[in-house]
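Single-letter residue listing:
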Amino acid sequence: MVSIQLPDGSKREFPGPVTVADVAASIGTGLAKAALAGRVGAGESTRLVDTSHLIEADEQLAIITAKDADGLDVIRHSTAHLLAYAVKELFPDAQVTIGPTIEHGFYYDFSYKRPFTPDDLAAIEKKMTELANKDEKIERRVVARDEAVSYFKSIGEAYKAEIIESIPADQDVSLYAEGKFTDLCRGPHVQSTGKLKFFKLMKVAGAYWRGDHRNEMLQRVYGTAWATKDDLQKYLLMLEEAEKRDHRKLGRELDLFHMDEYSPGTVFWHPKGWAIWQEVEQYMR
């Protein structure tokens, strides 16, 4: 018998080992559909796990949905992997490196023979949507570190192999597979690509491998992901409005100041610009 204690203090009893998904389903079909991950344990021992995680002994459990901050983080992390999957589909010669979550989204670094273009980003985003619509199952497996190194070397992913080689040899690592794409990750991730619907790629920038300027310049693709279409649209609108109010843009458009090529980094105020600034300064006192 396995006893699961829920956040409200109630308990549910099961005849044997049970997954997070099973517990969610026992509570209700709506929760089962909304579940993205689980939080097991209490206090400092709390950890996030996949909905496929098997609970074999009495445990405390919270079901994580998109309404939780952790749930949104799981969505964004999973979308970063979806991005890498799409890039590998379109650019098989590209090598994957790392793809963490950041505030409001995620990024993924790639090694490729040329910089990605705006047209490339549009194609990648379209491919991500196609892969999401296929609703491919995302599966986790645990392997020995050396086995993981051998696997990634065998498919030509030198950067990923290098990352794993930095892990102690006696430690196992977890791999996540979706369709034809497999990546190294601690997880957790959503159950399938169909859970990832509201995302947008924002820009591409350069980033040195391991942050060292002596290493190769990688292609860093930034994106944002949200739980609902409305949340995504609100965020994009906020960025659009913020850009309209950018003081650097407004300053040029209103002819408040200018930059001179002979004195880089110096701002030259026009008389009316300086007067406006003094009025603002006076108001702020």
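None of these values were measured; they are calculated from a predicted model.

**Considerations on the overall build of the protein chain**
So, step 1. The helix and strand inventory of the protein chain stands at nine helices and 17 strands.
So, step 2. Buried residues in the protein chain amount to 40% of all 285 residues.
So, step 3. Once local pairs closer than 6 in sequence are excluded, the contacts in the protein chain between residues at least 24 apart make up 60%.
So, step 4. When the accessible surface of the protein chain is summed, it comes to about 16,500 Å², and 52% of that surface belongs to carbon and sulfur atoms.

**Some remarks on the sheet that holds strand β12 (residues 172-178)**
So, step 1. Ordered by their spatial adjacency, three strands build an open sheet running β11-β12-β13, and the pairing between neighbours is antiparallel. Pairing within the sheet leaves two strands with one partner each, and these edge strands are β11 (138-144) and β13 (181-184). Neighbouring strand axes in the sheet, compared pairwise and without regard to direction, differ in orientation by 30° on average.
So, step 2. In this sheet, β13 lies alongside β12 in antiparallel orientation, the contact comprising four bridges.

**With respect to the side chain of K127**
So, step 1. Relative to the helices and strands, K127 is located in helix α4 (residues 118-133).
So, step 2. Engagement of the side chain of K127 in a polar contact is seen with the side chain of E130, the distance being 3.1 Å.

**Some remarks on the sheet that holds strand β1 (residues 2-5)**
So, step 1. If you trace the five strands from one edge of the open sheet to the other, you get β2-β1-β7-β4-β5, paired in mixed fashion. Because the sheet does not close on itself, it has two edges, and the strands there are β2 (11-14) and β5 (47-49). Adjacent strand axes in the sheet meet at a mean angle of 35° when their direction is disregarded.
So, step 2. As paired elements, strand β4 (residues 37-40) and strand β7 (residues 59-64) share four bridges and run antiparallel to each other. Note that in β7 the partner of R39 across the bridge is A62.

**Considerations on a nonpolar patch on the surface**
So, step 1. Residues M202, M238 and L239 make up a contiguous nonpolar surface patch of about 230 Å² in total accessible area.
So, step 2. Secondary-structure assignment places L239 in helix α7 (residues 229-244).

**A few points about the packing of aromatic side chains**
So, step 1. For the structure shown, the criterion picks out ten aromatic pairs.
So, step 2. With a centroid separation of 5.0 Å and an interplanar angle of 25°, the aromatic rings of Y108 and F110 are classed as stacked.
So, step 3. Residue F110 is classed as buried on the basis of its relative accessible area of 0%.
So, step 4. Ring centres of F110 and F116 lie 6.1 Å apart, and the angle between their planes is 75°; this geometry places the pair in the edge-to-face category. The pair F110 / F116 is uniform in exposure class, with both members buried.
So, step 5. For the cation-ring pair, K203 lies above Y222, with the distance from its terminal atom to the ring centre recorded as 5.1 Å.

**Remarks on the environment of A66**
So, step 1. Note that A66 resides in the loop between β7 and α3 (69-90).
So, step 2. Spatially, the C-alpha atoms of A66 and A227 are 5.8 Å apart, while their sequence positions differ by 161 residues.

**Some words on the side chain of D109**
So, step 1. Relative to the elements of secondary structure, D109 occurs in strand β10 (residues 105-111).
So, step 2. When its relative accessible area of 2% is taken as the criterion, D109 is described as buried.
So, step 3. Side-chain polar atoms of D109 contact the side chain of R220, separated by 2.7 Å.
So, step 4. Discounting residues that sit within four places of it in the chain, D109 has contacts with Q95, V96, T97, I98, A207, L218, Q219 and R220.

The rules behind these values
Residues numbered from 1 in each chain as written. Predicted model: local features only at pLDDT ≥ 70, side-chain atom pairs only at ≥ 80, totals over all residues. Heavy atoms only, no water. Helix = DSSP H or I, 4+ residues; strand = E, 2+ residues; numbered from the N terminus. Buried < 20%, exposed > 50% of the residue type's maximum accessible area, 1.4 Å probe, protein only. Contact = heavy atoms within 4.5 Å. Areas by Shrake-Rupley, 256 points an atom, 1.4 Å probe, with all protein chains shown as cover. Pairing = 2+ DSSP bridges. Axes fitted to C-alpha atoms, helices over the stretch in contact; angles between N-to-C directions. Polar contact = N/O pair within 3.5 Å; in protein donor to acceptor, adjacent residues only side chain to side chain. Patch = residues over 30% accessible without salt bridge, like charges linked within 9 Å, V, L, I, M, F, W, Y side chains within 5 Å. Salt bridge = Lys/Arg side-chain N within 4 Å of Asp/Glu carboxyl O. Phe/Tyr/Trp six-rings, centres within 6.5 Å; stacked < 30°, edge-to-face > 60°. Lys NZ or Arg CZ within 6 Å of the ring centre and 35° of its normal.

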